[in-house]
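Residue strings, one per chain:
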Amino acid sequence: MESRYDDRGRTVGVGNDVMSRSVAIAKVDDIAVGNGKAFEVGEKRIAVFNVEESFYAIDDACPHAGASLAEGYLKDGNVGCPWHYAEFDLTTGDHHHAPATCGVSVYPVVVEGNQIKVTIA
Ligand code: FES
């Protein structure tokens, strides 16, 4: 199945069955090492990060004011919000400091061949 991209280069409408638990969200080559990218999966917007070729998926919207965490900076297993610098653990979703007052959801990721799959609850 071929990915489609929006005007910011983000994959949208991958065409997966959003009712299935494991969603093929992107190809490994879609996300460069040290970067993140946001994907629409049904009603959710998921940020997927490539940290030294290990992949992590969390909610894309920062709970403080809605910035795209996919556009944040990666540092020591965390992503920093690009707007006001709250940081979130990529493994647990926990927030580390204000201005965010809560964490984000995390989603299990598996890589099968060149395909990144995210499990959506
Ligand atoms: S929008 Fe993320 S810290 Fe403010």
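Counting from 1, residues in each chain are numbered in the order their sequence is written. For this predicted model, a pLDDT threshold of at least 70 governs which residues receive local features, and a threshold of 80 or more governs which side-chain atom pairs are given and counted, while totals over whole chains, interfaces and linings are taken from all residues. Each side-chain value is worked out from all heavy atoms of the structure, with water and hydrogens disregarded.

Engineer: Teacher, can you tell me more about the sheet that holds strand 3 (residues 22-27) here?
Structural biologist: Pairing between sheet strands relies on hydrogen bonds along the backbone, with the strands arranged either parallel or antiparallel. Read across the sheet, three strands follow the order 3-12-11 without closing on themselves; strand pairing throughout is antiparallel. Sheet topology places strand 3 and strand 11 (109-112) at the edges, where each strand pairs with a single neighbour. Between one strand axis and the next, the sheet turns by 30 degrees as a mean value, whatever way the strands run. Note that strand 11 and strand 12 (residues 115-119) share four bridges and pair antiparallel. Paired with V109 across the strands is V118, a residue of strand 12. If DSSP finds at least two bridges between two strands, the strands pair. Where helices and strands are cited, they refer to DSSP runs of H or I of at least four residues and of E of at least two residues respectively, numbered from the N terminus. To define axes, lines are fitted to C-alpha atoms, for helices over the stretch in contact only, and angles between the resulting N-to-C directions are given on a 0 to 180 degree scale.

Engineer: Is there a simple way to think about the nonpolar core in this case?
Structural biologist: Side chains of nonpolar character tend, in soluble globular proteins, to be buried together. If you look at the biggest cluster of nonpolar residues, it comprises 15 residues, and the most contacted ones within it are F49, I58, C62, L69, V79 and F88. If we ignore the near neighbours within four places in the chain, the residues touching L69 are F49, I58, D59, D60, A61, C62, V79, C81, F88 and V104. To qualify as a nonpolar core, a set must consist of buried Ala, Val, Leu, Ile, Met, Phe, Trp, Tyr and Cys residues joined through side-chain atoms within 4.5 Å. Using a 1.4 Å probe on the protein chains alone, a residue whose accessible area is under 20% of its type maximum counts as buried, one over 50% counts as exposed, and one in between counts as partly exposed. Counting residues in hydrophobic clusters, the runner-up holds 14 residues, among them V23, I46, V118 and I120. In this analysis, two residues are considered to be in contact whenever any of their non-hydrogen atoms come within 4.5 Å of each other.

Engineer: Got a minute to help me understand the pattern of salt bridges in this structure?
Structural biologist: A carboxyl oxygen of Asp or Glu within 4 Å of a side-chain nitrogen of Lys or Arg is what we treat as a salt bridge. Summed over all chains, the structure comprises four salt bridges. Close ionic contact of D60 with R45 constitutes a salt bridge, the shortest N to O distance being 3.2 Å. Taken together, the residues span a long stretch of sequence, with D60 in the loop between strand 6 (54-59) and strand 7 (73-75) and R45 in strand 5 (residues 44-51) at a distance of 15 residues. Residue R45 is classed as partly exposed on the basis of its relative accessible area, which comes to 23%. Where K75 meets E87, a salt bridge forms, and the shortest distance between an N and an O atom there is 3.6 Å. Taken together, the positions of K75 in strand 7 and E87 in strand 9 (residues 87-89) put the pair 12 residues apart, joining distant regions of the chain. Of the residues examined, K75 reaches a relative accessible area of 42% and is grouped as partly exposed.

These values are about where atoms sit, not about what they do.
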